[in-house]
Amino acid sequence: MDALRTNRPSLESLRHLPVGDIIALPAEHLALLQAEAREAVEAAKRMQDWIEAAIALRYEQRAIAARAAAGKDTGTVRFQDGEVEVTAELPKRVDWDQRRLADLAAQIRAGGEDPGEYLEVSFKVPERAYVAWPERIRQAFEPARTVRTGRQSFRLALKAGGA
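Residues numbered from 1 in each chain as written. Predicted model: local features only at pLDDT ≥ 70, side-chain atom pairs only at ≥ 80, totals over all residues. Heavy atoms only, no water.

**Student:** How would you sum up the overall build of the chain? Please name residues and give values.
**Tutor:** Secondary structure summary: the chain contains 7 helices and 2 strands in total. Secondary structure elements of the chain occur, N-terminal to C-terminal, as α-α-α-α-β-β-α-α-α. Taking 15 Å as the expected radius of gyration for a compact globule of 163 residues, we find that the chain reaches 27 Å, considerably beyond that expectation. Referenced to the eigenvectors of the C-alpha coordinate spread, the extents of the chain come out at roughly 80 × 65 × 30 Å. Going through the 163 residues of the chain one by one, you find that 14% of them count as buried. Contacts in the chain between residues far apart in sequence, at least 24 positions, make up 31% of those at least 6 positions apart. For the chain, the exposed surface amounts to about 14,100 Å²; the carbon and sulfur share of it is 54%. (Helix = DSSP H or I, 4+ residues; strand = E, 2+ residues; numbered from the N terminus. Rg over C-alpha atoms; globule rule 2.2 N^0.38 Å. Buried < 20%, exposed > 50% of the residue type's maximum accessible area, 1.4 Å probe, protein only. Contact = heavy atoms within 4.5 Å. Areas by Shrake-Rupley, 256 points an atom, 1.4 Å probe, with all protein chains shown as cover.)

**Student:** Give a detailed account of the pairing of strand β1 (residues 75–81), specifying residues and quantitative values.
**Tutor:** Bridge analysis of β1 against strand β2 (residues 84–90) gives 7 bridges, and the strand direction is antiparallel. Considered in β2, the bridge of Thr 76 is made with Glu 89. Between β1 and β2, which pair antiparallel in sequence order, lie 2 residues; one of them, Gly 82, sits at a positive phi of approximately 65°. (Pairing = 2+ DSSP bridges.)

**Student:** Could you give an account of the packing of aromatic side chains, with specific residues and numbers?
**Tutor:** The tally for this structure, following the rule as stated, stands at 3 aromatic pairs. Seen in terms of ring centroids, Tyr 130 and Trp 133 are 5.7 Å apart; in terms of plane orientation they differ by 65°. Their pairing is edge-to-face. The class of Tyr 130 is buried, set by a relative accessible area of 6%. Members of the aromatic cluster, connected to one another through ring pairs, are Tyr 130, Trp 133 and Phe 141. (Phe/Tyr/Trp six-rings, centres within 6.5 Å; stacked < 30°, edge-to-face > 60°.)

**Student:** Provide a residue-level description of the nonpolar core, including the pertinent values.
**Tutor:** By size, the foremost hydrophobic cluster in this structure holds 6 residues: Tyr 59, Ala 63, Val 77, Phe 79, Val 86 and Ala 88. Listing elements by their share of this core, those giving two or more residues are α4 (27–70), β1 and β2. (Core = buried A, V, L, I, M, F, W, Y, C linked by side-chain atoms within 4.5 Å.)

**Student:** Please give an account of helix α5 (residues 98–110) that cites residues and values.
**Tutor:** Look at α5: 18 Å from first C-alpha to last across 13 residues, which is about the 18 Å you get at 1.5 Å a residue. Taken together, the buried positions of α5 are Leu 101, Ala 105 and Ile 108. All buried residues of α5 project into a common sector of 65° when viewed along the axis, lining one side. Opposite the packed face of α5, turned more than 90 degrees from it, sit the exposed residues Arg 99, Arg 100, Gln 107 and Ala 110. Capping the start of α5, Asp 97 holds a side-chain oxygen 3.0 Å from the backbone nitrogen of Arg 99, two or three residues further along. Positive phi appears at Gly 112, one or two residues downstream of α5, with a value of about 90°. (Expected span 1.5 Å × (residues − 1). Arc of directions from axis to C-beta. Polar contact = N/O pair within 3.5 Å; in protein donor to acceptor, adjacent residues only side chain to side chain.)

**Student:** Would you mind going over the pattern of salt bridges in detail, with residue names and values included?
**Tutor:** Two side chains bearing opposite charge may form a pair once their charged atoms approach each other closely. All told, the structure shown has 7 salt bridges when counted by the stated rule. Between Glu 36 and Arg 8 there is a salt bridge, with the nearest N and O atoms lying 2.8 Å from each other. You can see Glu 36 sitting in helix α4 and its partner Arg 8 sitting in the loop between α1 (2–6) and α2 (11–14), a full 28 residues away along the chain. Among the ionic pairs, Arg 145 bridges to Glu 127, the shortest N-O distance being 2.4 Å. Residue Arg 145 is found in the segment after α7 (135–141), and its partner Glu 127 is found in helix α6 (residues 127–132); the two are separated by 18 residues along the sequence. (Salt bridge = Lys/Arg side-chain N within 4 Å of Asp/Glu carboxyl O.)

What follows is the structure, given as structure tokens:
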């Protein structure tokens, strides 16, 4: 296993190789490089999270004060720290009680108005439910269903005791 680690290109040198050369590498090398790249991404993510947490601790109170001075609880505020302009964003996330909204839509409709003037309605079908339905029900829904694929990915793992 140590020979594999030392006889393969490094992640740094890999960025300068043509893709044809990378494709030609032994599968074991590709597996090790993939694992190393994932570890590097995870380490960078942990470092980014650590830095972001420190920044949040440093500026949280100033952002709260700036929002209060602007008379708002959420949104974007900007302030200076020396030569740095700090932009602090606190997004507003609104959730609506779906049952109450459905009741309100019924009341609006009963009053002779169009609920579409006030509400956006969307329908979703859980895929697990869809595949469990009887064939005749699935056929009725089929024209409303579109299936797209996501991005294909591969995970390579060395077998225990191998190479």
